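The residues making up each chain are set out below.
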Amino acid sequence: MLKHIKRLGLIAVAIAIVAFAVNMFLGPHAIAAGGLTGLAIILERLLHIDRSIIVLVGNVLVLILTFFLLGREVFFNTVFGSMLLPVFLRLVPHYMLVSDPMLSMVAGSVLFGAAVSLLYANRASSGGTAVPPLIFKKYFNLNTSVGLFLSDGVVVALSLLVFNVDSFFYAVFSILITSITMRYIETGMNRKKMVYIISEQSEAITADILTKVNRGVTIVPVVGAYEGTERQMLMVTLDGRNYRDLLAVVEQHDKAAFMVTGAVSDVYGKGFTYESGSV
């Protein structure tokens, strides 16, 4: 029960952030950055109907698709989010918090992307065009950030018919920023470096990594294909701030060492996601 309440609380926070981004950053500058909220901004200008009413009607239609295609759990979470969004859109003031449209677009898009990622992480959505990406993910294994980009493209195209060209391009950039934000969050924010080292001085390098860099080392036996020589490859996962220390250690012992460094999107386990000794 506590877990369920916590999840509903996170969904409510995400919905509030969506409403904040729309009413105070995107809406005041006529940036219809996709989604049902973007469509509502367009229809509000054309029909003079409050965007909260348009979102409410649209979400009722979307809930039908959710029930049949995404299952009962996502449906009930979507019911909560989709019904809560019109309420927050009504409660949050329609206020231009930032006068500069570019800055407002960037801030609103980052907030919107973070909020939608939080919804997806809790198997929920705010309804509208946030649901099709979940359907694409389930049935076509398409990344949700890409799915959102595609579904929102239709709304942005419509904005060109209602608003000026500046608003259209702001909406395009807004979708790109939202998609990048979501992808960054979904692929992990605990980014590290993975370093592979092959050296004749592997024992000395290992000792200094453990003591001076304060990171663990995994020793992997390898065989060179050209000479057939057996060697030891060191594998080290560490923060970017420790990378220069590692380079200094390797260079001190073996300037001819072979090193390969790659970016790691996320790391879990002892020494990274909870406090412990070196790994």
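The paragraphs below set out a description of the structure included in this document. (Residues numbered from 1 in each chain as written. Predicted model: local features only at pLDDT ≥ 70, side-chain atom pairs only at ≥ 80, totals over all residues. Heavy atoms only, no water.)

Looking now at a nonpolar patch on the surface. Judged by side-chain polarity, Leu61, Ile64, Leu65, Phe67, Phe68, Leu69, Tyr139 and Phe140 come together as a nonpolar surface patch covering roughly 870 Å² of accessible area. Elements represented by at least two residues in the nonpolar patch include exactly helix H3 (51–69) and helix H6 (131–140). Per-element tally for the nonpolar patch: the top contributor is H3, with six residues. With a relative accessible area of 63%, Phe68 lands in the exposed category. (Patch = residues over 30% accessible without salt bridge, like charges linked within 9 Å, V, L, I, M, F, W, Y side chains within 5 Å. Areas by Shrake-Rupley, 256 points an atom, 1.4 Å probe, with all protein chains shown as cover. Salt bridge = Lys/Arg side-chain N within 4 Å of Asp/Glu carboxyl O. Helix = DSSP H or I, 4+ residues; strand = E, 2+ residues; numbered from the N terminus. Buried < 20%, exposed > 50% of the residue type's maximum accessible area, 1.4 Å probe, protein only.)

Our focus in this paragraph is the pattern of salt bridges. Applying the stated criterion to the full structure yields five salt bridges. Note that Lys212 and Asp208 form a salt bridge whose closest N and O atoms lie 3.6 Å from each other. Taken as a pair, Lys212 and Asp208 lie in helix H9 (residues 202–213) at a separation of four residues, close to a single helical turn. On the basis of relative accessibility, which here comes to 53%, the residue Lys212 falls in the exposed class. A relative accessible area of 12% places Asp208 in the buried class.

With respect to the helices and strands, Pro221 occurs in strand S2 (residues 218–223). A relative accessible area of 69% means that Pro221 is categorised as exposed.

It is worth spelling out the environment of Val110 at this point. Mapping Val110 onto the fold places it in helix H5 (residues 101–121). Through-space distance from the C-alpha of Val110 to that of Thr66 is 26 Å; in sequence the pair is 44 residues apart. In this view, Val110 contacts Ile177 and Thr181; residues no more than four positions away in its chain are not counted. (Contact = heavy atoms within 4.5 Å.)

Okay, H5 next. For H5, built from 21 residues, the straight-helix expectation of 30 Å at 1.5 Å per residue is met to within 8% by its first-to-last C-alpha distance of 30 Å. Looking at H5, one finds that the buried residues are Ser104, Met105, Gly108, Ser109, Phe112, Gly113, Ala115, Val116, Ser117, Leu119 and Tyr120. Of the residues one or two after H5, Arg123 is the one with positive phi, at around 55 degrees. (Expected span 1.5 Å × (residues − 1).)

With 22 residues, helix H8 (residues 165–186) should cover 32 Å at 1.5 Å per step; its first-to-last C-alpha distance of 32 Å lies within 8% of that length. The set of residues buried in H8 consists of Ser167, Phe168, Tyr170, Ala171, Ser174, Ile175, Thr178, Ser179, Thr181 and Met182. Where H8 begins, the side chain of Asn164 points an oxygen toward the backbone nitrogen of Asp166, at a separation of 3.2 Å. (Polar contact = N/O pair within 3.5 Å; in protein donor to acceptor, adjacent residues only side chain to side chain.)

This paragraph deals with the packing of aromatic side chains. Per the stated rule, a full pass over the model turns up four aromatic pairs. Plain terms: the ring middles of Phe20 and Phe25 are 5.5 Å apart, the flat faces sit at 70 degrees to each other, and that makes the pair edge-to-face. Judged by its relative accessible area of 6%, Phe25 is buried. On the numbers, 5.2 Å between centres and 75 degrees between planes, the contact of Phe168 with Phe169 is edge-to-face. Owing to a relative accessible area of 43%, Phe169 belongs among the partly exposed residues under this scheme. Between Lys193 and the ring centre of Tyr243, over which it is positioned, the NZ or CZ distance is 5.2 Å. (Phe/Tyr/Trp six-rings, centres within 6.5 Å; stacked < 30°, edge-to-face > 60°. Lys NZ or Arg CZ within 6 Å of the ring centre and 35° of its normal.)

As a further point, take the sheet that holds strand S4 (residues 258–264). The strand order S2-S3-S1-S4 describes an open sheet built from four strands, whose pairing is antiparallel. On the outer flanks of this sheet lie S2 and S4, each paired with one strand and no other. This sheet shows a mean twist of 25 degrees between the axes of neighbouring strands, independent of strand direction. Relative to strand S3 (residues 230–238), strand S1 (residues 192–198) is paired through six bridges, and the arrangement is antiparallel. Paired with Ile198 across the strands is Met233, a residue of S3. In the packing of helix H10 (residues 243–253) onto the sheet, the strands contacted are S1, S3 and S4, and the crossing angle to S1 comes to about 10 degrees. (Pairing = 2+ DSSP bridges. Axes fitted to C-alpha atoms, helices over the stretch in contact; angles between N-to-C directions.)

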